Amino acid sequence: MRHIHYTNEPLTLDYDDEKILVVIRSFIKAIAAKRFTFVQLSNYILQLYIDEKKTGNDVSVFYLKPELRPSDYGRISQALWKLIWNKEICMDFYANPYLGQRVDDQAFIIIEKK
């Protein structure tokens, strides 16, 4: 018999810091745009994590509103900061109203290697 567990508890991302960097870099390579937002990246990581079934449960879990823990969003922020220091991305301070960026979201520009 299959058990389904419905929850709205945040997921705990069990990726180590290197894995987070690998996932972010794969996201950057996969997108066609030269710009992305923190929310887009976080949603990508969250969906990838769910798809990999790294929920730590033996039952099927249905997330009512999938979210990561605040500390995991902080770890993603720290990984982004490493990419900024490595000059792979930079912050985009212009919130273009035509791109659908939320007011409380931060955008990043991908720096092209020459």
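Heads up: the structure comes first, above all this text.
As the structure is a prediction and not an experimental result, all values here were calculated from the model.

What counts, and where the lines are drawn
Residues numbered from 1 in each chain as written. Predicted model: local features only at pLDDT ≥ 70, side-chain atom pairs only at ≥ 80, totals over all residues. Heavy atoms only, no water. Helix = DSSP H or I, 4+ residues; strand = E, 2+ residues; numbered from the N terminus. Expected span 1.5 Å × (residues − 1). Buried < 20%, exposed > 50% of the residue type's maximum accessible area, 1.4 Å probe, protein only. Arc of directions from axis to C-beta. Core = buried A, V, L, I, M, F, W, Y, C linked by side-chain atoms within 4.5 Å. Contact = heavy atoms within 4.5 Å. Axes fitted to C-alpha atoms, helices over the stretch in contact; angles between N-to-C directions. Left-handed = near helix turned anticlockwise from the far one by under 90°. Nonpolar A, V, L, I, M, F, W, Y, C, P; charged D, E, K, R; others polar. Pairing = 2+ DSSP bridges. Polar contact = N/O pair within 3.5 Å; in protein donor to acceptor, adjacent residues only side chain to side chain. Patch = residues over 30% accessible without salt bridge, like charges linked within 9 Å, V, L, I, M, F, W, Y side chains within 5 Å. Areas by Shrake-Rupley, 256 points an atom, 1.4 Å probe, with all protein chains shown as cover. Salt bridge = Lys/Arg side-chain N within 4 Å of Asp/Glu carboxyl O.

## Remarks on helix α2 (residues 38-51)
Its 14 residues give α2 an end-to-end C-alpha distance of 20 Å, which sits within 8% of 20 Å, the value for a rise of 1.5 Å per residue. Every buried residue of α2 is accounted for by F38, L41, S42, I45, L46, Y49 and I50. One side of α2 holds all its buried residues, which, seen down the axis, span an arc of 165 degrees.

## Here we look at the nonpolar core
Looking at soluble globular proteins, one finds that nonpolar side chains tend to be buried together. Ranked by size, the top nonpolar core spans 25 residues in total, and within it I24, F36, I76 and L80 carry the most contacts. Contributions of two or more residues to this core are made by α1 (17-30), α2, α3 (70-85) and β5 (107-110). Ignoring any residue separated from it by four or fewer positions in sequence, one finds F36 in contact with F27, I28, I31, L41, L80, I89, Q106, A107, F108 and I110.

## Remarks on the packing of α1 against α2
Two numbers describe how α1 lies on α2: the axes approach to 10 Å, and their chain directions differ by 115 degrees. In the packing of α1 onto α2, the handedness of the crossing is right-handed. For the pair formed by α1 and α2, the contact residues are V23, I24, S26 and F27 on the first element and Q40, L41, Y44, I45 and L48 on the second. Of the residues contributing to the contact of α1 with α2, the split by class is 7 nonpolar, 2 polar and no charged.

## Some points on the pairing of β5
Side-chain direction in a regular strand flips from residue to residue, so the side chains alternate between the two faces of the sheet. As judged from the 3 bridges shared by strand β2 (residues 35-37) and β5, these two strands associate in the antiparallel manner. Bridge assignment links F36 to a residue of β5, and that residue is F108. As paired strands, strand β4 (residues 89-92) and β5 are joined by 4 bridges and run antiparallel to one another. Bridge pairing links M91 to F108 in β5.

## Focus on the side chain of D72
Its location among the elements puts D72 in helix α3. Among the polar contacts listed, one links the side chain of D72 to the backbone nitrogen of L13, at a separation of 2.8 Å. Non-local contacts of D72, meaning those with residues more than four positions away in its chain, are made with L11, T12 and L13.

## A few points about a nonpolar patch on the surface
Taken together, the side chains of W81, W85, M91 and F93 make up a nonpolar region of the molecular surface, amounting to roughly 540 Å² of accessible area. Mapped onto the elements of the fold, W81 is located in helix α3.

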